[in-house]
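# Understanding the architecture of this molecule
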Amino acid sequence: MNLVKLTIDNKPVVVEQGTTILEASKSIGIRIPSLCYMKMDDMNFENKPGGCRVCVVEVEGRRNLAPACKTECLEGMVVKTHTVRVINARRTVVELILSDHPAECLTCAKSGECELQALAQNLGIREIHYTGEQSHYKGDQSPAIIREMDKCIMCRRCETACNEVQTVGVLSAVNRGFESVIAPAFEMDLDHSVCTYCGQCVAVCPTGALTERDYTWKVIEALVDPNKTVVVQTAPAVRAALGESFGMEPGTLVTGKMVAALKKLGFDYVFDTDFAADLTIMEEGTEFLDRLTRHLNGDKSVKLPILTSCCPGWVKFFEHQFPEMIDIPSTAKSPQQMFGAIAKSYFAKKLDKKREDLVVVSVMPCLAKKYECTREEFSVNGDADVNVSITTRELAQLIRNANIDFASLTDEEFDQPLGESTGAGVIFGTTGGVIEAAVRTAYELHTGKHLEKVEFNELRGMEGSRKATVDFDGMKLNIGIAHGLGNARKLLEDIKSGKSDFHAIEIMACPGGCIGGGGQPYHHGNVDILKKRQRAIYEEDAGKPIRKSHENPFIQELYKEFLGEPLSDLSHELLHTHYFNRRKKEEIEE
């Protein structure tokens, strides 16, 4: 390992050869502002086009200013990061960016979280000395994502996330010069493209160019409608991140406060998506055991490995990119959609309500859930199983709008019967959690033996793609796990080419799984935030009195009273789905 010594702001530093000035400065606590640059260790995400020039520094002996994100450290280099010349250059660059940026901060969805806004404040910019023509582009509103490209600063982060991390290939630079913009091919709308609505472009966008479709007002309208009974379900990853929106340390569990806030907002029933996660394990786990048993008995028609199907971004990805493999994933619906189907049948019957008089709201860490609940197959006679899906960020906004002092709330419990869950349901919120939950139940159902140690540490971690072997009382099961669609693509290519020896694979679209969903509080590239959220998920699991889905007494009651058994005719009708070949010539709008 070759090392180089240099001086940054009069501080000596030793770094590996190839380290940039930006990275070296960060290692000794010197912050250099940047806009286009973003690096997420462990997630294979690095965006450094060197285009914004906000990170310029002075290097002794160099005539021009050097972009810190692109300039490698050299032996004996002397760097100054905050001279008058440097600060003046940064101010000029930001003023030029602002001169072609809408002055809509007060109404922008990203206000308060916008990195351009924060940078302008930190540089003390109070007026813009450059005026002239501004670029204008058409708007784009999909069911999940809003594109306002007048606010785009061409940082290319979304392009990197879409093409290199997720390998979806929707976003790229189009046109030239003043008319250049990041957009789908031919500037088509997102809902006419192969976009999966994973929301990772939104998660990394520094401005308001990419935001989620806000449905908070639809929720408010439902809450004040005297003819509607409004129930809400909350996903496991939400409780591990919501507190960040109220100044709490990342990874702070706020389950009880979240429930209390939802009740104060006026929801008639506050339920837990973790209940539906337990239900998903009953259906998906039974489906897996059925396929595995038939495979071991020599049935050549069985499709293995079985792929998990609870992530709608991943589902849309394989429908577009691998339609020839749509018979491999589990047919089980996602927990969000299972909950909606049960709420509008089983629970509506208990309340003696018509399904259309019940409004089901979901709080999700995910933008693809907004799209998922609009899919036609998840409705009955035009009435959606889940009426509205909002993100963790939107819930935080609703709580603030209602002037609720979140931090001082007394913890409250979920309502029953759809609020009881196990630790297995909780860990759905992180990569590896779905398959671990499935293994906990599948082991006992397959072997008939009690599983003493429920933690499968070999299935945990943050590596983008990993594999493990689980011992089912002498039978070795090969498990694959991938988070991030780029990693998923590699596993699918192996299955397609016959190289895969996995029996089951869990795939989540977002880096880290749902904890890193596109609707979570913005991480601004800090991977430690995702790791803290993951620890919180496992902490809640460890504290649960019941940690296996099949032991949930309310799940048992649901089957006894209503569904019969996993994979029954009624279970298939309500809890299972089918997939579509979406590989077709996309319509291009003029």
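Going by the structure above, here's the rest.
One structure accompanies this document, and this report is about it. (Residues numbered from 1 in each chain as written. Predicted model: local features only at pLDDT ≥ 70, side-chain atom pairs only at ≥ 80, totals over all residues. Heavy atoms only, no water.)

Here we come to helix α3 (residues 115–122). All buried positions along α3 are accounted for by Glu115, Leu116, Gln117, Leu119 and Ala120. Residues of α3 that are buried in the fold lie against β3 (38–40), α2 (84–99) and α4 (157–165). Note on α3: the residue one or two positions beyond its end, Gly124, has a positive phi of about 70°. (Buried < 20%, exposed > 50% of the residue type's maximum accessible area, 1.4 Å probe, protein only. Helix = DSSP H or I, 4+ residues; strand = E, 2+ residues; numbered from the N terminus. Contact = heavy atoms within 4.5 Å.)

Turning to unusual backbone geometry, a few remarks are in order. Here the bond from Leu304 into Pro305 is cis, since omega is 5°, no more than 30 degrees from zero. Topologically, Pro305 is positioned in the loop between α8 (273–296) and β15 (306–307). A cis amide bond links Gln416 to the next residue, Pro417, at an omega of 15°. As for its placement among the helices and strands, Pro417 is situated in the loop between α12 (392–401) and α13 (423–426). Phi angles above zero are rare outside glycine, and Asp352 is one such case at about 60°. Along the chain, Asp352 turns up in the loop between α10 (335–351) and β16 (358–364).

Backbone-to-backbone hydrogen bonds join strands into a sheet, with any given pair of strands oriented parallel or antiparallel. Strand order in the open sheet formed by three strands is β8-β9-β12, with antiparallel pairing between adjacent strands. The strands lining the two open edges of the sheet, one partner per strand, are β8 (140–141) and β12 (210–212). Looking at chain direction, β8 and strand β9 (residues 145–147) are connected through two bridges and run antiparallel. By the bridge assignment for β9, Gln141 is matched with Ile146. (Pairing = 2+ DSSP bridges.)

Below, the discussion takes up a nonpolar patch on the surface. Taken together, the side chains of Met1, Leu3 and Val14 present a nonpolar region at the surface, about 350 Å² in accessible area. Locating Leu3 in the fold gives a position in strand β1 (residues 3–8). (Patch = residues over 30% accessible without salt bridge, like charges linked within 9 Å, V, L, I, M, F, W, Y side chains within 5 Å. Areas by Shrake-Rupley, 256 points an atom, 1.4 Å probe, with all protein chains shown as cover. Salt bridge = Lys/Arg side-chain N within 4 Å of Asp/Glu carboxyl O.)

Functional significance is not addressed by these values, which are geometric in nature.
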